[in-house]
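Residue-level listing of the chains:
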Amino acid sequence: MNSEEVSIPADGSVIVGDLVIPAQAAGVVLFAHGSGSSRHSPRNRAVAATLRQAGLGTLLLDLLTEPEERVDAVTGQHRFDIGLLGRRLVSAVDWLGDRPATAELPLGLFGASTGAAAALVAAAERPGRVRSVVSRGGRPDLAGEVLSRVRSPVLLIVGGADREVLRLNQEAAEHLRVPHGLHVVPGATHLFAEPGALEAVADAACQWFLRPGHGEERHRNPP
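Residues numbered from 1 in each chain as written. Predicted model: local features only at pLDDT ≥ 70, side-chain atom pairs only at ≥ 80, totals over all residues. Heavy atoms only, no water.

Undergrad: Sorry if this is basic, but what is going on with the overall build of the protein here?
TA: In terms of regular secondary structure, the protein is built from seven helices and eight strands. For the protein, whose C-alpha radius of gyration is 16 Å, the value lies close to the compact-globule estimate of 17 Å for 223 residues. Judged by the C-alpha coordinates and their principal axes, the protein covers about 45 × 40 × 35 Å. Among the 223 residues that make up the protein, the fraction classed as buried is 55%. Distance between charge centroids for the protein: 3 Å, based on 22 positive and 25 negative side chains. (Helix = DSSP H or I, 4+ residues; strand = E, 2+ residues; numbered from the N terminus. Rg over C-alpha atoms; globule rule 2.2 N^0.38 Å. Buried < 20%, exposed > 50% of the residue type's maximum accessible area, 1.4 Å probe, protein only. Lys, Arg positive; Asp, Glu negative; His and termini not counted. Charge placed at Lys NZ, Arg CZ, Asp CG, Glu CD.)

Structure, rendered in structure tokens:
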């Protein structure tokens, strides 16, 4: 499988990603990295490799341009701008929907850290397109009132030793009105650096994205 670097017009800028679509793909997963990271994140790339082995395409995306990344590295002003990150991710969702090779594929979103909030924003904005969402060590709380508008099933994956983020995920889950799960990886810290922790993340994400019935669940009215 070859990786294709793609450029996507988004919110008045152009963002860059790495797209891989296996033959006879069962779907495609769009990755949104977290604060201080990039599409070259070894953690996201490890998860993406597992998804591709299961027959899913992947698009690892930089939501900030290179100049914005340089500014953010010094000031941190963009990494928590969930509105900006969400709009960029929506543009990528639309781009995949317009591309012949991916237009008909079920779409999942995988967000890490602040990228999880952006993924939830995009899911709320494109309920008919986004099939499911997975958050890894994410900050879904930063999505705020958007949580109650999400119509796609959501899996929140958190390390058991990442106590503050676990608490924030538990609180955010209470605002979701769709089928959702909280998967705690025992003993794992925020970056899932412990032996076997990242593999557990990848396996849980893979099962969630391939779970039967998610295409129907996203259209149900919230309770």
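Undergrad: Honestly, the nonpolar core in this entry has me stumped. Any pointers?
TA: It is characteristic of soluble globular proteins that their nonpolar side chains tend to be buried jointly. Counting residues in hydrophobic clusters, the biggest one holds 45 residues, and the most contacted among them are Leu30, Leu89 and Leu109. Per-element accounting of this core gives the leading share, nine residues, to helix α3 (residues 82-98). Leu155, Ile157, Phe192 and Cys206 belong to the second-largest nonpolar core, a separate cluster that totals 23 residues. (Core = buried A, V, L, I, M, F, W, Y, C linked by side-chain atoms within 4.5 Å.)

Undergrad: Quick question: what am I supposed to make of the sheet that holds strand β7 (residues 154-159) here?
TA: Neighbouring strands of a sheet are bound in pairs by backbone hydrogen bonds; such pairs are parallel or else antiparallel. On the basis of which strands lie adjacent, the open sheet formed by eight strands has the order β1-β2-β4-β3-β5-β6-β7-β8 and mixed pairing. Pairing within the sheet leaves two strands with one partner each, and these edge strands are β1 (4-10) and β8 (180-185). The mean angle between the axes of side-by-side strands here comes to 20 degrees, regardless of whether they run parallel or antiparallel. Note: β7 against β8, six bridges, orientation parallel. Directly across from Val158, in β8, lies its bridge partner Val184. (Pairing = 2+ DSSP bridges. Axes fitted to C-alpha atoms, helices over the stretch in contact; angles between N-to-C directions.)

Undergrad: So what exactly am I meant to see when it comes to the confidence of the model for the protein here?
TA: If pLDDT is low for a region, its predicted coordinates should not be looked at in detail. Per-chain confidence: the protein averages 90 in pLDDT, with 93% of residues scoring 70 or above. Across residues 215-223 the pLDDT falls below 50, and counting only partners more than four positions away or on other chains, this stretch makes 17 contacts in the model. (pLDDT = per-residue confidence, 0-100. Contact = heavy atoms within 4.5 Å.)

Undergrad: Teacher, can you tell me more about the pattern of salt bridges here?
TA: Pairs can form between side chains of opposite charge once their charged atoms are near each other. Evaluation of the coordinates by the stated rule reveals 10 salt bridges. Between Asp18 and Arg45 there is a salt bridge; the shortest N-O distance is 2.5 Å. With Asp18 in strand β2 (residues 13-20) and Arg45 in helix α1 (residues 42-53), this pair connects stretches of sequence that are 27 residues apart. Relative accessible area serves as the criterion here: at 8%, Asp18 is assigned to the buried category. (Salt bridge = Lys/Arg side-chain N within 4 Å of Asp/Glu carboxyl O.)

Undergrad: Is there a simple way to think about the packing of aromatic side chains in this case?
TA: Any aromatic ring pair is given by two values, namely how distant the centres are and how the planes are angled relative to each other. For the structure on display, the rule yields one aromatic pair. Geometrically, the ring pair formed by Phe31 and Phe110 is tilted, given 4.8 Å between the ring centres and 35 degrees between the ring planes. Here the residue Phe31 occupies a position in strand β3 (residues 27-32), and Phe110 occupies one in strand β5 (residues 107-112), the gap between them amounting to 79 residues. The same class applies to Phe31 and to Phe110, which are both buried. (Phe/Tyr/Trp six-rings, centres within 6.5 Å; stacked < 30°, edge-to-face > 60°.)

Undergrad: Looking at this structure, how should I read the pairing of β1?
TA: Across a regular strand the side chains alternate sides, sitting on one face of the sheet and then on the other. Direction of pairing for β1 relative to β2: antiparallel, over a ladder of seven bridges. Bridge pairing in β2 places Ile8 opposite Ile15. The loop that links β1 with its antiparallel partner β2 comprises two residues; one of these, Asp11, has a positive phi angle of about 55 degrees.

Undergrad: Would you explain the pairing of β2 in this entry?
TA: One ladder, built from four bridges, connects β2 with strand β4 (residues 56-61); its direction is antiparallel. Each bridged residue has a counterpart across the sheet, and for Gly17 the counterpart in β4 is Leu61.

Undergrad: Explain α3 here, please?
TA: Here α3 contains 17 residues, and its C-alpha end-to-end distance of 24 Å stays within 8% of the 24 Å for a straight helix at 1.5 Å per residue. By the criterion of burial, α3 is predominantly enclosed, with 12 of the 17 residues buried. (Expected span 1.5 Å × (residues − 1).)

Undergrad: Explain helix α6 (residues 197-209) to me, please; I cannot follow it from the model alone.
TA: The end-to-end C-alpha distance of α6, which contains 13 residues, comes to 19 Å, matching closely the 18 Å that a straight helix rising 1.5 Å per residue would cover. Within the sequence span of α6, burial applies to Ala197, Leu198, Val201, Ala202, Ala204, Ala205, Cys206, Trp208 and Phe209.

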